[in-house]
Amino acid sequence: MTGAFGGCTVSLVAREKVSTFTASVAQQYKQRTDREPSFYITDIGDGVHEISVNSLVDNVTAS
């Protein structure tokens, strides 16, 4: 999956395969471009959900 990210890709990879995937991509990218790639490993979050302004204010005042 790619978009207009200046050569970046978004790759959905099973957690147990991330190390193998990044090593393989890094090797191939270096061979083809003579540059080192960067990887940003993320995880799935809670997604979009509604929050109330009151809960935000409560969290700020409690800090």
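The coordinates are above.
Analysis parameters
- Residues numbered from 1 in each chain as written.
- Predicted model: local features only at pLDDT ≥ 70, side-chain atom pairs only at ≥ 80, totals over all residues.
- Heavy atoms only, no water.
- Helix = DSSP H or I, 4+ residues; strand = E, 2+ residues; numbered from the N terminus.
- Buried < 20%, exposed > 50% of the residue type's maximum accessible area, 1.4 Å probe, protein only.
- Areas by Shrake-Rupley, 256 points an atom, 1.4 Å probe, with all protein chains shown as cover.
- Salt bridge = Lys/Arg side-chain N within 4 Å of Asp/Glu carboxyl O.

(A) A look at the overall build of the chain. Looking only at helices and strands, one finds 2 helices and 0 strands in the chain. The proportion of buried residues among the 63 residues of the chain is 2%. Accessible surface for the chain amounts to roughly 6,100 Å². Of this, 54% is attributable to carbon and sulfur atoms.

(B) The pattern of salt bridges, seen in detail. Using the criterion set out here, one finds 3 salt bridges in the structure. For the salt bridge of Arg15 with Asp43, the shortest nitrogen-to-oxygen distance reads 3.0 Å. With a gap of 28 residues between them, Arg15 in the segment before helix 1 (18-33) and Asp43 in the loop between helix 1 and helix 2 (53-62) connect regions that are remote in the sequence. We note that Arg15, like Asp43, is exposed. What you see here is one network of salt bridges that share partners, running through Lys30, Asp34 and Glu36.

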